[in-house]
4 protein chains.
Amino acid sequence: MGKGRLEAFSDGVIAIIITIMVLELKVPHDATWEALRHLAPVFLSYVLSFVYVGIYWNNHHHMLHAAKSVNGAILWANLFLLFWLSLVPFVTAWMGENHFAQLPVIAYGVVMIMSGIAYSILSKLLIKHHGENSVLAAAVGSDTKGKASVGIYAAAVAVTFVHPWIAVGMYFVVACVWFIPDRRIERKMKQEGRG
Amino acid sequence: MGKGRLEAFSDGVIAIIITIMVLELKVPHDATWEALRHLAPVFLSYVLSFVYVGIYWNNHHHMLHAAKSVNGAILWANLFLLFWLSLVPFVTAWMGENHFAQLPVIAYGVVMIMSGIAYSILSKLLIKHHGENSVLAAAVGSDTKGKASVGIYAAAVAVTFVHPWIAVGMYFVVACVWFIPDRRIERKMKQEGRG
Amino acid sequence: MGKGRLEAFSDGVIAIIITIMVLELKVPHDATWEALRHLAPVFLSYVLSFVYVGIYWNNHHHMLHAAKSVNGAILWANLFLLFWLSLVPFVTAWMGENHFAQLPVIAYGVVMIMSGIAYSILSKLLIKHHGENSVLAAAVGSDTKGKASVGIYAAAVAVTFVHPWIAVGMYFVVACVWFIPDRRIERKMKQEGRG
Amino acid sequence: MGKGRLEAFSDGVIAIIITIMVLELKVPHDATWEALRHLAPVFLSYVLSFVYVGIYWNNHHHMLHAAKSVNGAILWANLFLLFWLSLVPFVTAWMGENHFAQLPVIAYGVVMIMSGIAYSILSKLLIKHHGENSVLAAAVGSDTKGKASVGIYAAAVAVTFVHPWIAVGMYFVVACVWFIPDRRIERKMKQEGRG
């Protein structure tokens with residue numbers, strides 16, 4: 001089965017997720033700095049999630065680029081990932097509007113953990129489908145960064161019991177680390193002459 | 001007429017349907033478990049519909065993959081299907097917000113029945129267009145699962161008069177059955193060497 | 001300049017327009033027939049607009065299918081069409097929520113007239129770009145149906161001063177006439193062996 | 001790395017941005033001219049932003065059309081541009097609903113400045129990736145119009161302290177100047193025989 005429509009559908013869903021988040025940036029009724037300042041946490045929360053969803057799109061793009069075909073299980077694993085990403089606008093808005101209170105920060109972490117796990121399942125199924133010696137398998141590698149991220153999200157959830165803002169800081173750090181695009185796959189493919 | 005733009009447009013509409021449903025998951029004003037618990041039925045309702053729309057996208061993807069071209073009648077049958085699917089976010093939210101009361105559960109069933117019928121019309125037109133001996137015709141087959149689903153939805157609508165929650169259970173059962181992707185078409189195409 | 005991205009962008013915008021209209025179908029708080037009945041005019045209005053936007057997508061699809069390339073002026077004419085179509089969700093909701101009162105029915109007619117004119121400009125520019133003897137020119141033809149539709153919309157706007165419901169009836173009639181897909185282009189292309 | 005999915009994703013996000021802006025055109029409860037007149041500034045604001053986002057799509061389309069491939073940095077520069085464009089619906093609505101008061105007009109200008117800078121970064125990275133002697137580099141040229149626009153936006157922000165409406169007038173003037181599509185790239189490509 002071709003991968004074209006899977007890419008197109010995922011692009012569509014991720015494009016919508018990243019864009020509808022801005023709808024939660026409710027237009028204030030007053031034209032004052034005060035009104036704008038009230039939006040600051042929601043805006044910060046929006047920036048964080050925009051970067052995260054951007055990272056997912058980026059990595060998804062890279063991984064699928066190395067894929068040659070997909071099967072039924074991969075379609076479902078992809079939908080499972082999109083499901084968790086679709087909850088990002090909700091937890092983003094909830095966290096922002098409650099000024100990074102503990103429970104929404106936990107909810108944000110849980111969505112991040114589940115998205116990370118879903119991405120990991122998707123990559124495992126893709127590797128299984130292409131074989132352990134494929135370009136894709138070599139390129140995805142041991143995915144240490146992915147596993148570490150899920151670990152940090154889990155730690156961040158625990159840390160909210162100390163102070164939720166530390167957890168938010170941890171989310172930002174992980175985002176920064178991922179911000180550096182995944183050069184592993186690009187490099188690997190260049191070596192194989194498919195880049 | 002090529003099928004490319006039909007696939008692209010359907011992908012777009014289905015991607016939007018599946019994503020805007022999350023907008024009905026209204027962000028609570030409080031950062032409490034209580035607030036989150038109140039959302040539980042809306043969330044459950046969202047999960048059910050995400051799976052259903054995912055199934056439709058999946059099956060639509062498989063069926064169109066086997067198609068070679070489309071005609072005007074197929075374009076309209078496809079729009080008819082998209083029309084009923086476009087009502088899914090509405091009935092999902094209505095059902096969730098009213099904690100699975102009878103009337104919204106009936107409305108959900110009606111939308112499911114009509115979507116099932118629309119999908120069936122679309123597949124019939126595609127078979128007619130490609131011929132009874134085509135890969136597509138053989139792959140779609142007698143569509144027993146599709147017909148049975150519409151029957152179960154109709155039964156579920158009747159069952160709401162006993163208790164709407166039994167009907168919701170039936171919707172979940174049908175979703176689980178469909179969750180197993182449609183291997184018939186994949187297998188058939190592999191045999192014909194087009195997979 | 002290739003036509004691929006123009007088609008993709010138009011598909012995206014039209015897919016979003018057709019889908020966000022359903023967001024105006026506000027989820028009622030009660031699970032009663034009464035609540036559902038209140039939605040009837042909004043729903044009717046939604047059905048009308050879904051058919052209209054579907055028709056535009058369909059015809060746009062057919063016309064661009066016959067096109068070989070586009071230029072800057074065509075890009076802008078296309079955006080002009082999308083602008084007027086983007087107002088359809090607004091006039092649809094306004095008309096529905098005010099139970100087909102005069103002013104919203106006029107507004108609906110104006111958006112229809114402008115969309116019709118915009119489509120006509122787009123087709124003229126496409127014909128000019130491809131030449132008077134092109135497949136596209138022959139296929140689009142004199143566009144009597146398009147011109148007549150704009151005339152009927154204008155008449156409907158005038159008729160609202162008698163009773164707005166007659167105008168709504170006229171909108172439905174035009175929709176039904178267009179519902180029959182545009183076989184002219186399909187036929188013409190088949191003759192030229194490009195179908 | 002291919003440019004196909006970057007184009008598709010950007011098309012998706014821009015299509016959504018341009019379309020969800022219309023959601024801020026809140027449907028009035030009354031069917032009166034009075035209600036419609038109240039919407040006039042929001043509508044004017046919508047028209048301005050529709051043209052701006054249309055211009056960005058247009059120029060993005062032209063520039064990427066001349067591109068042959070992309071890299072990780074370009075993906076991120078593109079996301080940076082999309083981030084600022086995603087704020088357009090917010091500032092558009094805020095400006096319109098507050099009848100072009102000073103602060104929202106400044107905010108609009110800031111988003112315009114940042115979008116202009118982001119576009120400039122994207123074009124610089126694309127030129128660097130394709131080489132100073134590439135079609136793309138020659139076509140983008142010195143980008144005087146782009147630099148001048150950012151300058152005028154900055155001036156407009158300053159002018160809001162005199163009267164915000166003058167600034168809005170300046171935004172309209174810049175939009176009109178850009179309305180003339182970017183013939184430089186088209187011409188250049190025609191010369192190189194790739195158009």
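Residues numbered from 1 in each chain as written. Chains lettered and ligands numbered in written order. Predicted model: local features only at pLDDT ≥ 70, side-chain atom pairs only at ≥ 80, totals over all residues. Heavy atoms only, no water.

Trainee: How should I be thinking about the arrangement of the chains in this particular structure?
Mentor: Regarding chain A and chain C, which are not in contact, the minimum distance between any of their C-alpha atoms is 9 Å. The two units chain B and chain D remain apart, with a minimum C-alpha distance of 9 Å. (Contact = heavy atoms within 4.5 Å.)

Trainee: Whenever I open this one, the UniProt feature "transmembrane region" (unreviewed entry) in chain A confuses me. Can you help?
Mentor: Residues and elements named next belong to chain A. Following the UniProt record, one finds the feature "transmembrane region" (unreviewed entry) at residues 39-57, 73-93, 105-127 and 152-180. Helix makes up 95% of residues 39-57 and strand 0%, and the two end C-alpha atoms of the span are 26 Å apart. Helix makes up 95% of residues 73-93 and strand makes up 0%, while its end C-alpha atoms are separated by 32 Å. (UniProt positions renumbered as here; feature names shortened; annotations may be inferred. Helix = DSSP H or I, 4+ residues; strand = E, 2+ residues; numbered from the N terminus.)

Trainee: Which parts of the structure should I look at to understand helix α1 (residues 4-20) of chain A?
Mentor: Here α1(A) contains 17 residues, and its C-alpha end-to-end distance of 24 Å stays within 8% of the 24 Å for a straight helix at 1.5 Å per residue. Of all 17 residues in α1(A), 14 are buried; the element is thus mostly enclosed. (Expected span 1.5 Å × (residues − 1). Buried < 20%, exposed > 50% of the residue type's maximum accessible area, 1.4 Å probe, protein only.)

Trainee: Sorry, what's going on with the interface of chain B and chain C here?
Mentor: Interfaces are often described in size by the accessible area the parts lose on coming together. Facing 30 residues of chain B, the contacting portion of chain C comprises 40 residues. Taking both sides of the interface into account, the surface hidden between chain B and chain C amounts to around 3100 Å²; carbon and sulfur atoms contribute 76%. Viewed at the interface, chain C and chain B are joined by 0 salt bridges. Linking chain B with chain C are 3 residue pairs in polar contact (both at pLDDT 80 or more), by the criterion used here. Broken down by secondary-structure element, the contributors of at least two residues to the side of chain B that touches chain C are α1 (4-20), α4 (72-86), α5 (88-97) and α6 (102-130) of chain B. If you tally residues by element for the side of chain B that touches chain C, the top one is α1(B), at 9 residues. Of the residues assigned to the side of chain B that touches chain C, the class counts are 21 nonpolar, 6 polar and 3 charged. (Buried area = accessible area lost by both parts, 1.4 Å probe. Salt bridge = Lys/Arg side-chain N within 4 Å of Asp/Glu carboxyl O. Polar contact = N/O pair within 3.5 Å; in protein donor to acceptor, adjacent residues only side chain to side chain. Nonpolar A, V, L, I, M, F, W, Y, C, P; charged D, E, K, R; others polar.)

Trainee: Which parts of the structure should I look at to understand the relation of the copies chain B and chain A?
Mentor: One copy of the chain maps onto the other through a rotation about an axis followed by a shift along the same axis. Superposition of chain B onto chain A requires a rotation of 90° combined with a translation of 0.0 Å along the rotation axis, giving an RMSD of 0.0 Å. The transformation relating the two chain copies, once decomposed into turn and shift, fits a four-fold axis. Considering only C-alpha atoms, the part of chain B nearest the rotation axis is B:Gly12, at 4.4 Å. Comparing contact sets, just 5% of the residues at the interface of chain B also lie at the interface in chain A, consistent with a heterologous contact between different surfaces. (Least-squares fit on C-alpha atoms with pLDDT ≥ 70 in both.)

Trainee: Explain the relation of the copies chain B and chain C here, please?
Mentor: In screw terms, the move from chain B to chain C is a rotation of 90° and a rise of 0.0 Å along the axis, fitting with an RMSD of 0.0 Å. Mapped onto chain C, only 7% of the interface residues of chain B are again interface residues, and the two copies thus contact each other with different surfaces.

Trainee: What is the right way to look at the interface of chain B and chain A in this model?
Mentor: Contact with chain B, which involves 40 residues of that partner, is made by 30 residues of chain A. Both faces combined, the contact of chain B with chain A buries some 3100 Å², and carbon together with sulfur accounts for 76% of it. Linking chain B to chain A there are 0 salt bridges. Put simply, chain B and chain A have 3 residue pairs in polar contact (both at pLDDT 80 or more) between them. Looking at which element gives the most residues to the side of chain B that touches chain A, the answer is helix α3 (residues 40-66) of chain B, with 14 residues. For the side of chain B that touches chain A, the residue count by class is 24 nonpolar, 11 polar and 5 charged.

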